[in-house]
Amino acid sequence: MEYIEMALAKGRLVDTTLELFSEIGLTFPTYSKRSRKLFFTNDEWQVRMILVKSSDVPTYVERGAVDIGVVGKDVLLETEAHVYELVDLGFGACKMAVASKDEAYQRKPKPIVATKYPHIAQTYFRDKGQPIETIYLQGSVELAPLVGLSDCIVDIVETGATLKENGLHVTEEIASLSARLVVNRASFKTKFQRLNGLIEKIQAVIDQREGRQ
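Below is a short write-up of the structure. This is a predicted model, so every value here is computed, not measured. (Residues numbered from 1 in each chain as written. Predicted model: local features only at pLDDT ≥ 70, side-chain atom pairs only at ≥ 80, totals over all residues. Heavy atoms only, no water.)

### Focus: the pattern of salt bridges
Here the structure, examined in full by the defined rule, presents 10 salt bridges. Its salt-bridge partner being Lys128, residue Glu172 comes within 2.6 Å of it at the nearest N-O pair. Residue Glu172 is found in strand β10 (residues 169-177), and its partner Lys128 is found in the loop between α4 (118-127) and β8 (133-136); the two are separated by 44 residues along the sequence. For Glu172, a relative accessible area of 9% puts it in the buried group. (Salt bridge = Lys/Arg side-chain N within 4 Å of Asp/Glu carboxyl O. Helix = DSSP H or I, 4+ residues; strand = E, 2+ residues; numbered from the N terminus. Buried < 20%, exposed > 50% of the residue type's maximum accessible area, 1.4 Å probe, protein only.)

Right under this line is the structure:
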């Protein structure tokens, strides 16, 4: 029988995801935070897990290098990968938002937006009929409005504490975010029985956590 190939985003989502999997009995005994290994296998379940950069998960799934993956909704929105998004796992909850010192940017004909998510920013403002110029930054985007580099930012917001400490606040909410389970479209047909069985077990745990029957 073929293994189910799975990709998880390296970083803070890994441990939470593996805790969820352990509730259905799926574990990877050789996994350790300290390990430099990228492949981990559960031979009983015939599932092989790889750890990749968060932004690469949709690519691995869409291209069929893996059958299934777990990644943040922000990455899915930014990449627009052609995958099946089947389960909202509920953890890693936050929001994508526009933030600024004030609302003055809304009155500009073409405000400058600093962001790590240029596609999300362009799509959101385009849908509002507002042209913008985006500046792609990988570091702390909160600095951009403070030094005059941009009029506002588009970024992930959790508590809003960082924004507040830097004199910014959320002016528009774009989307709610959390970790999502995604599946390769072809794999969902060719390995439907096994993948669907796994997905149903995961969904049952999510439903139980949320008090749904």
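There's more to say after this.
### Quick notes on the pairing of strand β9 (residues 152-157)
Within β9, 5 of the 6 residues are buried, which leaves it mostly tucked inside the rest of the structure. Sheet topology places strand β6 (residues 94-100) next to β9; 5 bridges connect them, and they run antiparallel. The partner of Met96 across the bridge, within β9, is Ile156. Bridging between strand β7 (residues 112-115) and β9 involves 3 bridges; their strand directions are parallel. If you follow Thr115 over to β9, its bridge partner there is Val154. (Pairing = 2+ DSSP bridges.)

### A look at the side chain of Glu172
A distance of 2.6 Å separates the side chain of Glu172 from the side chain of Tyr124, its partner in a polar contact. In contact with Glu172, not counting residues within four places along its chain, are Ala97, Val98, Tyr105, Gln106, Tyr124, Phe125 and Lys128. (Polar contact = N/O pair within 3.5 Å; in protein donor to acceptor, adjacent residues only side chain to side chain. Contact = heavy atoms within 4.5 Å.)

### A few points about the sheet that holds strand β5 (residues 84-88)
One open sheet holds the 6 strands; their spatial order is β2-β3-β1-β4-β11-β5, and the pairing between them is mixed. Only two strands of the sheet have a single partner each, and these edge strands are β2 (39-42) and β5. Within this sheet the neighbouring strands show an average axis-to-axis angle of 25°, counted without direction. Sheet strands in contact with helix α1 (residues 12-22) are β1 (4-9), β3 (47-52), β4 (68-72) and β11 (179-183), and its direction is about 140° off that of β1. Relative to β5, helix α8 (residues 192-209) is tilted by about 30°, and along the sheet it contacts β1, β4, β5 and β11. (Axes fitted to C-alpha atoms, helices over the stretch in contact; angles between N-to-C directions.)

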